[in-house]
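Close look at the chain arrangement
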Amino acid sequence: MALGGNPIFNGKSFRGATQAPPAPQAYGGAPYGQQAYGQQPNAQAPYGQQTWNAQPQGMTDNQLQDMYNQPSAGPADTGRMTFDDVIVKTAACLGVLILGAAVTLTVGLGLASMLMIVGALGGFVLALVNTFKKQPSPALILAYAGLEGLFLGGLTRILDTQYPGVGLQAVVGTLSVFAVTLLLFKSGKVRATPKAMRFFMIALGGYALFSVVNLVMMLTGVTQEPFGLRSGVIGVVIGLLAIGLAAFSLIMDFTSIEAGVRSGAPQRFSWTAAFGLTVTLVWLYVEIIRLLAILRGDD
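Residues numbered from 1 in each chain as written. Predicted model: local features only at pLDDT ≥ 70, side-chain atom pairs only at ≥ 80, totals over all residues. Heavy atoms only, no water.

**So, the pattern of salt bridges**
Note the following rule: Basic side-chain nitrogens of Lys or Arg form a salt bridge, by our definition, when they fall within 4 Å of a carboxyl oxygen of Asp or Glu. Only DSSP runs of H or I with at least four residues qualify as helices, and only runs of E with at least two residues qualify as strands; both kinds are numbered from the N terminus onward. Relative accessible area decides the class of each residue, using a 1.4 Å probe on protein chains only: under 20% of the type maximum gives buried, over 50% gives exposed, and in between gives partly exposed.
Summed over all chains, the structure comprises four salt bridges. Here Glu258 makes a salt bridge to Arg191, at a shortest N to O gap of 3.7 Å. Here Glu258, found in helix α8 (residues 232-262), pairs with Arg191, found in the loop between α6 (166-187) and α7 (194-219); they are 67 residues apart in sequence, far enough to count as distant. On the accessibility criterion, Glu258 (17% relative accessible area) is buried. The partly exposed category is assigned to Arg191, whose relative accessible area is 35%. For Arg262, the salt bridge goes to Glu258, with nearest N and O atoms at 3.5 Å. In this pair, Arg262 and Glu258 are both assigned in helix α8, four residues apart and thus about one turn of the helix distant.

Next up, the structure:
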């Protein structure tokens, strides 16, 4: 798994679920299903006991053949996480997010601004709760999606009022980056290698520090620009860097989800995977719409 990326996938609960348990071993013997050293493969069982390849009593040859012809149980039948589970639950999160965004896009601008603040603060709190929660809670994850929808809808409403059409452009841009990233990951051309991870962590740390300094300068009135230091050419460069980081974060999310499916993680962790993808997509959308607003503001 790609460690050091999305903290949602690096939590102990999800990371522990993706680590396959060791093969069970009989006391003083070989692992179950394996033959002990020196033991004959068709050794005679003790008197009164059935050998491993003996036909079950009370079953005819036809019944036994029908039993063998039954399809083997898949991951969904055994309560394991599948890609379909992740897709369905991610779609549910995005559906709730869209409903939340529709609220702030249709109400008055003043109420939309208030709901945007509520969504931003509430979404941040629930993001922390869901990240550090030992077991995923579908209700809390969907609530997070709804609050983030209020935030994104309000943000889009404000910026689209100043720069008409920027909201639709941001949606198209986000879907395009997601699709290209998924295709590159499926083709194997882009992977979360250790070298790429180190570069990502350094760049992410620098970007986070810059964002904190920029926010403080905006709150204290040191800079009067709408986006603080993120204006002009510097703002465009930082915006492109941030979009690249969010896109690579998607690669790491895909890697973690693939590891969870292959290791047979419990089905409930598909909600964790959906939550992680939703968080990354929200970040990606915010960065794209902010970059578009910066570019439109420089016209």
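**Some remarks on the confidence of the model for the chain**
Convention followed: Residue-level confidence of the predictor is what pLDDT reports, using numbers from 0 through 100. The contact criterion used is simple: two residues touch if any of their non-hydrogen atoms lie within 4.5 Å.
Averaged over the chain, the pLDDT score is 82; the fraction of residues at 70 or greater is 75%. Long-range and interchain partners of residues 22-39, a stretch whose pLDDT sits below 50, account for 11 contacts in this model, where long-range means more than four residues apart.

**Some details on the packing of helix α5 (residues 138-162) against helix α9 (residues 269-297)**
Inclusion rule: Comment: axis = line fitted to C-alpha atoms, over the contacting stretch for helices; angle = value between 0 and 180 degrees taken between N-to-C directions. The cut-offs work like this: below 35 degrees is roughly parallel, past 145 is roughly antiparallel, 65 to 115 is roughly perpendicular, and the gaps in between are oblique. Residue classes follow a fixed rule: Ala, Val, Leu, Ile, Met, Phe, Trp, Tyr, Cys and Pro count as nonpolar, while Asp, Glu, Lys and Arg count as charged, and any other residue, Gly among them, counts as polar.
Packing of α5 against α9 leaves a shortest axis separation of 11 Å and a crossing angle of 10 degrees. Taken together, the axis directions place α5 and α9 in an arrangement best described as roughly parallel. Residue-level contacts link Pro138, Ile141, Leu142, Tyr144, Glu148, Phe151, Leu152, Leu155, Thr156 and Leu159 of α5 to Trp271, Thr272, Phe275, Thr278, Val279, Val282, Tyr285, Val286, Ile289 and Ala293 of α9. For the contact of α5 with α9, the residue count by class is 16 nonpolar, three polar and one charged.

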